[in-house]
Amino acid sequence: GTDDYNADLTGYFVTGDFTKPTITTFYPPREAKAFGTTENIVLTFSENVQGESSKFITLQNRHSAYTGSYTYDCSAISISANIATIDPSTFYGAGSAPYTDLDPCSLYQFTTDATGCFMDTSTNANVMAYIPDYSSSSSDAYVFFSSCLVGFDPANGAEDVLINQTVTLMFS
């Protein structure tokens, strides 16, 4: 008998990078309590990334008299290899001038579009999972607090303060 039934069998193997990039560290860390109002937000990824065009990140003040939501195009973020640096002064509010600094004593949340914001630099361009918002009560939410003035010396209303006396301000 003829035993050549497998003569036309061809195998194909697909190789490549099929892993989505993940954020390995946040600066400031999640739930940081005293982030400086002029500091940059820095995200470190598990691999090299690029910003995805027509996707947005949002920085929202959730906890002060100056509530507002500010967006920024992901493709315009400063990225070097696996590190994305976001300058809060580059965020824009609806119809307003560029946002300058973070408001003091505020809770901020940082989120991305539901379909992500960053993709890896592989041929497959794997898109990272999105960063959910705080209202979802997700442990994956990225929130932080900006620093606050928590005390001063001499005390408010103090009398007989010398004109050349040192004034001490204490921040969180």
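Our structure's up above, just so we're on the same page.
Residues numbered from 1 in each chain as written. Predicted model: local features only at pLDDT ≥ 70, side-chain atom pairs only at ≥ 80, totals over all residues. Heavy atoms only, no water.

Our next topic: the sheet that holds strand β6 (residues 78-80). What the four strands build is an open sheet, ordered β1-β2-β7-β6; its pairing is antiparallel. The two strands at the open ends of the sheet, each matched to only one other strand, are β1 (23-27) and β6. The mean inter-strand angle of the sheet, taken between neighbouring strand axes irrespective of direction, is 15°. Where β6 meets strand β7 (residues 83-86), three bridges bridge the pair, whose relative direction is antiparallel. Considered in β7, the bridge of I79 is made with A84. (Pairing = 2+ DSSP bridges. Helix = DSSP H or I, 4+ residues; strand = E, 2+ residues; numbered from the N terminus. Axes fitted to C-alpha atoms, helices over the stretch in contact; angles between N-to-C directions.)

Right, let's talk about the state of the cysteines for a bit. Within the structure shown, the criterion is met by one disulfide. Across a sulfur-sulfur distance of 1.8 Å, C74 and C117 are joined as a disulfide pair. Taking the sign of the torsion about the S-S bond as the criterion, the disulfide between C74 and C117, at about -120°, is left-handed. Placement of the pair is C74 in the loop between β5 (68-73) and β6 and C117 in the loop between β8 (107-112) and β9 (118-120), with a sequence separation of 43 residues. The buried category is assigned to C74, whose relative accessible area is 0%. (Disulfide = S-S within 2.5 Å. Buried < 20%, exposed > 50% of the residue type's maximum accessible area, 1.4 Å probe, protein only.)

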